[in-house]
There are 2 protein chains.
Amino acid sequence: MKSPVRVVITGAAGQICYSLLFRIASGEMLGQDQPVILQLLEITPAMKVLDAVAMELNDCAYPLLHEIITTDDPVVAFKDANVALMVGAKPRGPGMERADLLKDNGQIFSSLGKVINEVADENIRICVVGNPANTNAYILAKNAPKLNQRNITALTRLDHNRAIYQVAEKSGNRIADVTKMTIWGNHSTTQVPDLSHSNIGAEAATSIIDNDWTENDFIPTVAKRGGAVIAARGSSSAASAANGIIDHMHDWVLGTAKGDWVSMAVPSDGSYGVTEGLIFSYPVTCENGDYTIVQGLEISDFIQGKMKESEAELIEERDTCSDLF
Amino acid sequence: MKSPVRVVITGAAGQICYSLLFRIASGEMLGQDQPVILQLLEITPAMKVLDAVAMELNDCAYPLLHEIITTDDPVVAFKDANVALMVGAKPRGPGMERADLLKDNGQIFSSLGKVINEVADENIRICVVGNPANTNAYILAKNAPKLNQRNITALTRLDHNRAIYQVAEKSGNRIADVTKMTIWGNHSTTQVPDLSHSNIGAEAATSIIDNDWTENDFIPTVAKRGGAVIAARGSSSAASAANGIIDHMHDWVLGTAKGDWVSMAVPSDGSYGVTEGLIFSYPVTCENGDYTIVQGLEISDFIQGKMKESEAELIEERDTCSDLF
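Residues numbered from 1 in each chain as written. Chains lettered and ligands numbered in written order. Predicted model: local features only at pLDDT ≥ 70, side-chain atom pairs only at ≥ 80, totals over all residues. Heavy atoms only, no water.

## Structural notes on the nonpolar core
Selection rule: For the purposes of this section, nonpolar cores are sets of buried Ala, Val, Leu, Ile, Met, Phe, Trp, Tyr and Cys residues that join through side-chain atoms within 4.5 Å. Only protein chains enter the accessibility calculation, which uses a 1.4 Å probe; a residue is then buried when its area is under 20% of its type maximum, exposed when over 50%, and partly exposed in between. Whether two residues are in contact is decided by their heavy atoms, any of which lying within 4.5 Å being enough.
Membership of the largest hydrophobic core comes to 122 residues, with the highest contact counts inside it found for I9 and L85 of chain A together with I9 and L85 of chain B. With residues near it in sequence (within four places) discarded, L85 of chain B still touches V7, V8, I9, T10, L20, I24, M29, C127, I245 and M249 of chain B.

This is the structure we're talking about:
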């Protein structure tokens with residue numbers, strides 16, 4: 001049997017993790033032959049709830065779950081970790097300025113970055129979920145220079161999946177028929193859902209779906225879907241966010257389907273003219289546990305303009321936190 | 001591709017289902033090659049929350065999820081259904097007598113039984129989860145004479161999994177090493193967790209674990225674990241209950257592991273001297289989509305006495321609701 005993978009999850013007693021942990025332990029994220037050790041980090045006041053989550057994980061008798069570590073100490077949580085799902089972040093409180101939110105979360109991710117740099121596996125695969133996810137990942141990366149920087153990513157797979165659903169629903173096709181969806185940029189309302197390279201079955205999506213819907217409905221619907229879920233549910237997406245995390249890490253480790261790609265926010269290498277180092281969502285294919293940014297796609301002026309806006313937002317976020325790296 | 005299976009879930013906007021639906025849609029319950037149609041039933045006041053759950057299911061872009069039906073009409077929910085997970089039930093309110101709870105839920109399951117009898121696939125596989133699960137299943141069965149009565153079951157897999165964990169933890173072994181666990185009887189505090197036929201690796205559990213612990217710790221810990229989770233978590237088991245449901249239906253449809261068995265509450269055929277027709281938890285093996293009660297196990301006087309107590313409780317529950325069938 002394979003040796004267990006150490007998976008750290010932060011914010012482990014929260015709602016997203018209640019939907020996430022059980023699916024990791026069942027083998028959905030890393031495969032049915034891969035034992036895991038769950039290293040669960042929470043803030044001190046949430047430890048009692050976290051202990052109850054651990055009781056329920058035990059009560060599932062998962063053969064792949066070799067150990068559960070619960071802790072409020074990041075040094076313990078990240079020790080020798082191979083995978084980190086950074087779900088915890090400070091939410092925006094009433095009357096709080098966006099810049100304050102950025103700085104507060106920047107502080108958290110800068111100090112976690114320093115810890116990870118010291119105690120984790122240097123090839124640790126990181127997926128940042130807590131918002132502002134891309135900039136939190138950027139700050140983490142700058143504070144963790146020993147780590148393989150390629151492996152510090154942020155989640156846009158939920159947006160990607162939302163975009164696929166919208167196109168399947170609009171065109172009356174099955175989910176499995178919609179391929180090559182792309183989310184560019186920041187995981188925020190400036191994100192750029194792009195179906196211009198997508199196929200529906202064997203046909204180009206653009207030959208089936210009219211451009212007016214794409215520009216005026218599709219893009220804002222996907223970009224603002226998080227808000228729509230909050231309005232309907234009374235709280236933010238949890239199970240669907242957890243599912244995006246499972247998909248992100250599953251495909252990164254186990255590979256993307258042939259003839260398709262997924263969206264991941266990864267450190268820009270300058271592809272498509274994006275400022276190097278920014279954590280920017282790109283279409284990627286995955287194989288042998290690594291990702292490759294899809295190259296050579298033709299980008300329309302309309303999409304290019306939106307990508308620039310999203311890039312500008314990421315630069316502004318970065319500069320707001322420049323004292324943290 | 002296989003034709004989709006129609007899976008009804010009642011109480012679909014509740015906490016257990018929020019942990020359950022996403023795992024069914026991902027293929028964990030019926031297999032990665034089995035499309036599903038989710039037919040989600042709720043009471044009218046919960047329809048808004050249910051619609052939000054459906055939004056999030058869509059936002060996962062599950063290739064196997066062919067359709068979602070949300071309704072407050074049981075006739076719509078159970079139409080042509082192949083699998084039913086009966087999660088919804090009325091909880092015990094403050095100052096409510098147990099007999100009143102039995103009767104209120106009996107009413108619900110008797111009227112649902114009549115609907116299922118008319119509109120569902122007659123070979124529908126039913127797993128009752130809402131408490132008192134065994135007696136609710138009994139009442140449902142009596143009101144649905146056209147259905148294959150063998151296929152009306154109740155959930156004790158959560159108890160089974162809890163028992164496995166306790167034995168693995170106590171003996172310092174892995175979950176996968178503990179086999180042939182049994183839960184006998186009612187899914188209540190009279191349930192009988194029985195490790196007397198269990199193995200730990202190649203050895204009999206009884207040769208490793210002392211009898212005093214088994215009788216005085218193991219049995220009450222497993223039987224009262226639901227209460228311990230409520231005390232720790234502030235609400236009842238949700239994700240672990242959902243996991244038990246997944247396991248119950250997965251193994252029933254896709255088979256149990258060779259050399260092992262699981263626990264399911266099924267209509268008694270008189271095996272082990274239990275009154276025929278009672279929905280009683282037994283050790284079962286599953287193959288070709290059907291279950292077989294494990295025969296010929298030697299039962300100690302101690303366990304036999306406890307099984308009789310649990311049987312007596314089931315008879316009393318049945319008789320309290322005798323006006324409903």
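## Describing the interface of chain A and chain B
Keep this limit in mind: Summed over both partners, the accessible area (1.4 Å probe) lost when two parts come together is defined as the buried area. Think of a salt bridge as a Lys or Arg side-chain nitrogen and an Asp or Glu carboxyl oxygen that are within 4 Å of each other. Counting of polar contacts relies on pairs of N or O atoms within 3.5 Å, with two restrictions inside protein: one atom must be capable of donating a hydrogen and the other of accepting it, and residues adjacent in sequence are counted only when both atoms are side-chain atoms. Where helices and strands are cited, they refer to DSSP runs of H or I of at least four residues and of E of at least two residues respectively, numbered from the N terminus.
With 38 residues of chain A at the interface, the matching set in chain B holds 38 residues. Both sides of the chain A and chain B interface together cover about 3,400 Å² of buried area, and 55% of this is carbon and sulfur. For the interface between chain A and chain B, the tally reads six salt bridges. The closest approach of N and O atoms between R162 of chain A and D59 of chain B, which form a salt bridge, is 3.5 Å. Linking chain A to chain B there are 30 residue pairs in polar contact (both at pLDDT 80 or more). For the side of chain A that touches chain B, the secondary-structure elements that each account for two or more residues are α1 (15–25), α2 (47–58), α6 (157–171), α9 (225–233) and α10 (239–254) of chain A. The greatest single-element share of the side of chain A that touches chain B, amounting to six residues, is contributed by α9 of chain A.

## Considering helix α1 (residues 15–25) of chain B
Residue and element names in this part refer to chain B. Along α1, 10 of the 11 residues are buried, which leaves the element largely enclosed by surrounding structure. Among all positions of α1, only I16, C17, Y18, S19, L20, L21, F22, R23, I24 and A25 are buried. Taken from the residues just after α1, G27 is the one with a positive phi, measuring 100 degrees.

## Points about the sheet that holds strand β10 (residues 199–200) of chain A
Residue and element names in this part refer to chain A. Formally: Here the rule is simple: two strands pair whenever DSSP picks up at least two bridges between them.
One open sheet accounts for three strands, arranged β7-β10-β11; its pairing is antiparallel. Here the strands that pair on one side only, and so sit at the sheet edges, are β7 (178–179) and β11 (203–204). The pairing of β10 with β11 spans two bridges and is antiparallel. Within β11, the position partnered with N199 by the bridge is A204.

## Thoughts on the pattern of salt bridges
All names here are of chain B. Inspection of every chain in the model, using the stated rule, returns 28 salt bridges over all chains. A salt bridge links D247 to R157, with the shortest nitrogen-to-oxygen separation between them at 4.0 Å. Of this pair, D247 sits in helix α10 (residues 239–254) while R157 sits in helix α6 (residues 157–171), placing them 90 residues apart in sequence. In this structure, D247 and R157 share a single accessibility class: buried.

## Structural notes on the domain arrangement of chain A
All names here are of chain A. Using the following cut-off: How far each domain reaches was decided by an automatic or database domain assignment.
Its domain assignment divides chain A into domain 1 (5–154) and domain 2 (157–319). When each unit is reduced to the centre of its C-alpha atoms, the spacing between domain 1 and domain 2 is 23 Å. Listed by partner, the interface residues are 31 residues for domain 1 and 33 residues for domain 2. Carbon and sulfur atoms supply 62% of the area that domain 1 and domain 2 bury against each other, a total of about 2,600 Å² over both sides. Sorting the residues of domain 1 by area buried against domain 2 places R125, N134 and R150 first, and these three jointly supply 25% of that buried surface. With a shortest N-O distance of 2.9 Å, R150 and D290 are connected by a salt bridge.

## Digging into the side chain of D159 of chain A
All names here are of chain A. The topology assignment puts D159 in helix α6. The buried category is assigned to D159, whose relative accessible area is 1%. At 3.1 Å, the side chain of D159 and the side chain of Q191 are in polar contact. Not counting residues within four places of it along the chain, the set of residues in contact with D159 comprises I183, H187, Q191 and V222.

## Considering the packing of α1 of chain B against α10 of chain B
All names here are of chain B. The condition is simple: Between N-to-C directions, angles span 0 to 180 degrees; the directions come from axes that are lines fitted to C-alpha atoms, helices contributing only their stretch in contact. Note that the term roughly parallel is reserved for angles under 35 degrees, roughly antiparallel for angles over 145, roughly perpendicular for angles of 65 to 115, and oblique for everything else. Take the far helix as the reference: if the near one is turned anticlockwise from it by less than a right angle, the crossing is left-handed, and if turned clockwise, right-handed. By the convention adopted, Pro, Cys, Tyr, Trp, Phe, Met, Ile, Leu, Val and Ala count as nonpolar, Lys, Arg, Asp and Glu as charged, and the other residues, Gly among them, as polar.
In contact at an axis separation of 7 Å, α1 and α10 are set at 40 degrees when each is read in the N-to-C sense. When the axis of α1 is compared with that of α10, the two are oblique. Handedness of the α1/α10 crossing: right-handed. Seen from α1, the contacting residues are I16, S19, L20, R23 and I24; seen from α10, they are A239, A241, A242, N243, I245 and I246. Split by residue class, the contact of α1 with α10 holds eight nonpolar, two polar and one charged.

## Quick look at the sheet that holds strand β11 (residues 203–204) of chain B
Strand order in the open sheet made by the three strands is β7-β10-β11 (chain B), with antiparallel pairing throughout. Single-partner strands in this sheet number two, and they are β7 (178–179) and β11 of chain B.

## What to know about helix α2 (residues 47–58) of chain B
Stated formally: In a helix, the anticipated span is given by 1.5 Å times the number of residues less one.
Helix length check: α2 of chain B (12 residues) gives 16 Å between terminal C-alpha atoms against 16 Å at 1.5 Å per residue, within 8%. Taken across its 12 residues, α2 of chain B has nine buried, putting it largely inside the fold. Every buried residue of α2 of chain B is listed here: M47, L50, A52, V53, A54, M55, E56, L57 and N58 of chain B. Tucked into the core, α2 of chain B has its buried residues touching α6, α9 and α10 of chain A together with α1, β2 (36–41) and β3 (65–71) of chain B.

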